[in-house]
Amino acid sequence: MRALRLESWKSEPKLVEVPDPTPGPGEAVIRVGGAGACHSDLHLMHDFDAGAVPWQPPFTLGHENAGWVHALGEGVAGFEIGQAVAVYGPWGCGRCRRCLAGVETYCENPAEAPAPGGGGGLGADGGMADYMLVPAAERHLLPLPEGLEPAYAAPLTDAGLTPFHAVARSWGKLGPRATCVVIGTGGLGHLAVQIAKQTTGARVIAVDVRDEALEVARSMGADHLVTADAAAADRIRELTGGRGADVVIDCVGNDSTLALGAQTVTVLGDLTIVGIGGGTLPVGFFSVPYEASVQTTYWGSSPELADVLDLAARGLLTPKVTTYSLDDAVQAYHDLAEGKVEGRAVIVP
Ligand code: NAD
Ligand code: ZN
Ligand code: ZN
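Residues numbered from 1 in each chain as written. Chains lettered and ligands numbered in written order. Predicted model: local features only at pLDDT ≥ 70, side-chain atom pairs only at ≥ 80, totals over all residues. Heavy atoms only, no water.

**Quick word on the sheet that holds strand 12 (residues 203-208)**
Our working definition: What makes two strands pair is DSSP finding at least two bridges between them. Working definition: helices are DSSP H or I runs of at least four residues, strands are E runs of at least two. Numbering for both runs from the N terminus. Angles run from 0 to 180 degrees between N-to-C directions of axes, and those axes are lines fitted to C-alpha atoms, restricted for helices to the stretch in contact. Contacts are assigned to residue pairs with any non-hydrogen atoms lying within 4.5 Å of each other.
The six strands are arranged 13-12-11-14-15-16 in an open sheet whose pairing can be described as parallel. The open sheet is flanked by strand 13 (224-227) and strand 16 (293-296), the only strands paired with a single partner. Strand-to-strand twist of the sheet, defined as the mean angle between neighbouring strand axes without regard to direction, takes the value 15 degrees. By the bridge criterion, five bridges tie strand 14 (residues 245-250) to strand 15 (residues 265-273) in an arrangement that is parallel. Residue A245 lies in a different strand from strand 15, and its bridge partner there is V265. Strands strand 12 and strand 13 of the sheet are contacted by helix 7 (residues 211-219), whose axis makes an angle of about 165 degrees with strand 13. Where helix 8 (residues 232-239) meets the sheet, its contacts fall on strand 11 (179-183), strand 12, strand 13 and strand 15, and the angle it forms with strand 13 comes to roughly 160 degrees.

This is the structure:
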């Protein structure tokens, strides 16, 4: 089969022929219906050195995946050949307290996981290929609700799940008079806007450097659009009657967006860093408002993925998807790097 492989850090991935995977006990092979191109993959290709994460190339890219069950290993119950499924991407040990709660992102025994601290497309082989091997299939495959096509569902497993987790952990602060700011309305951020609109009573302010991304945010229900320039913090203060935002979800994470988050989050608010833009934020007595919480989040849990799929099945979560063939996957990443993708680029083998 064909597979888009990252052979080493700081290199371009290559489309090569590899043997078809076969499932061992407890495993499944899916025929890939869609594999999303995440900006994190650009960090793998351009920014990370050996040791930045606990796993390493070579592996097949693609960590947000959906498809159809192609083959089932011994002992896998509850799935049928041909069934449409989404892949829960972070793969833990399956036995620790967090894994038992479905929070495999923060597995306590990463050394016993298929790809310590990662998953398919992040250390283990991912979905930018004709087929993908999924270990512990009963934990890592979720049936797609009726009507959800794999190519459309694939982004839900990361670009949907990650902001869902970030917004859901702040639900208590997002009542009807609250404001949620989303910085960076690309693949993750356009869905963050919609998740905040559909699951909370808050008004949503979208912030981006690109007008096209702000227009996508508008189509996802953003109440206000703010260009990320020197006047952005003042504009957000103005839009919130001087209060600032109850919750800021930063889907960029560079020095300037973290500073914008700290300038605009309100007392008792949440500033949640989702983007891996390499920035840092000085946190001290006078640098963030009183009792404002600053946290990073990584991906989400499998019960949360079930919630995301349910929202999508009910038409409340509608990813904007641009599809590319596997032959054009490298081009998809170039377009993503140049800010030319609206919503999410999805590779359809
Ligand atoms: P993307 O390229 O699709 O979107 C990024 C958006 O940010 C673009 O619309 C871009 O125009 C905008 N942007 C860039 N600089 C900006 C600035 N200074 N101010 C405002 N907007 C700006 O990327 P994506 O796939 O949505 O990923 C976003 C970030 O989240 C990446 O760093 C990625 O690695 C990270 N990520 C984190 C997790 C996690 O679990 N924490 C999961 C997936 C992705
Ligand atoms: Zn990702
Ligand atoms: Zn675990």
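Having seen the structure, we can now continue with the description.
**Notes on the coordination of the zinc ion (ligand 3)**
To be explicit about the condition: Counted as donors are N, O and S atoms no farther than 2.8 Å from the metal, or 3.2 Å for Na, K and Ca; water is not among the atoms, and sites may therefore look incomplete. Key to geometry: four donors with every angle between 85 and 135 degrees are tetrahedral; four donors are square planar and six octahedral where opposite donors lie over 155 degrees apart and all remaining angles lie between 65 and 115; all other sites are irregular.
The protein atoms that coordinate the zinc ion (ligand 3) are C93 (SG), C96 (SG), C99 (SG) and C107 (SG), at distances spanning 2.3 to 2.4 Å. Around the zinc ion (ligand 3), the four donor atoms sit at angles spanning 102 to 119 degrees, and that spread fits a shape best called tetrahedral. In primary sequence terms, the donor set of the zinc ion (ligand 3) follows C-x2-C-x2-C-x7-C.

**With respect to helix 8**
To keep it simple, the criterion reads: Buried, partly exposed and exposed residues are distinguished by accessible area as a fraction of the type maximum, computed with a 1.4 Å probe on protein chains only: under 20%, between the cut-offs, and over 50%, respectively. Taken from the helix axis, the directions to the C-beta atoms give the arc we talk about.
What helix 8 keeps buried is the set A232, A233, I236 and L239. Looking straight down helix 8, one finds that the buried residues subtend no more than 125 degrees of arc, so they occupy a single side. Residues D234 and E238 are exposed on helix 8 and point more than 90 degrees away from its buried face. Check the buried side of helix 8 and you find it contacts strand 11, strand 12, strand 13 and helix 9 (255-264). Immediately downstream of helix 8, the backbone of G241 shows phi near 60 degrees, a positive value.

**Looking at the site of ligand 1**
Where we set the bar: We define proximity as follows: a residue is near a molecule or strand when any one of its heavy atoms falls within 4 Å of that partner. Polar contacts, as used here, are pairs of N or O atoms within 3.5 Å; protein pairs need one atom able to donate a hydrogen and one able to accept it. Residues neighboring in sequence count only if both atoms are side-chain atoms. Here the open area of atoms and residues is found with the Shrake-Rupley method and a 1.4 Å probe, where only the protein chains shown may cover a residue.
As a matter of local geometry, ligand 1 sits amid 30 residues, with H39, S40, D208, W299 and R344 nearest to it. A distance of 3.4 Å separates an oxygen atom of ligand 1 from a polar backbone atom of G186. Interatomic distance of 2.8 Å between a backbone N/O atom of L188 and an oxygen atom of ligand 1. A total of 860 Å² of accessible area belongs to ligand 1 in isolation, and the protein chains cover 89% of it. Going through the elements one at a time, helix 1 (39-46), helix 6 (187-199) and helix 9 are the ones with two or more residues in the shell around ligand 1. Here the shell around ligand 1 takes three residues from helix 1, the largest share from any one element.

**Comments concerning the coordination of the zinc ion (ligand 2)**
Protein-derived ligands of the zinc ion (ligand 2) are C38 (SG), H63 (NE2) and D158 (OD), with the metal-ligand distances lying across 1.9 to 2.3 Å. Coordination of the zinc ion (ligand 2) draws on donor residues from a single chain, spaced C-x24-H-x94-D in sequence. On the criterion of sequence distance, the pair formed by H63 in the loop between strand 4 (59-60) and strand 5 (65-72) and D158 in the loop between helix 4 (150-153) and helix 5 (161-168) is long-range, its members being 95 residues apart. Residues H63 and D158 agree in their burial class; the two are buried.

**Side note on the sheet that holds strand 2 (residues 14-17)**
Taken in spatial order, the three strands of this open sheet run 2-1-4, and their pairing is antiparallel. Of all strands in the sheet, those bounded by a partner on one side alone are strand 2 and strand 4. Where strand 1 (residues 2-6) meets strand 2, four bridges bridge the pair, whose relative direction is antiparallel. Paired with A3 across the bridge in strand 2 is V16.

**A closer look at the pairing of strand 9 (residues 131-134)**
Only one face of strand 9 is covered, namely the face carrying M132 and V134; the face carrying Y131 and L133 is uncovered. Sheet topology places strand 3 (residues 28-37) next to strand 9; four bridges connect them, and they run antiparallel. When the bridges of strand 9 are listed, R31 appears paired with Y131.

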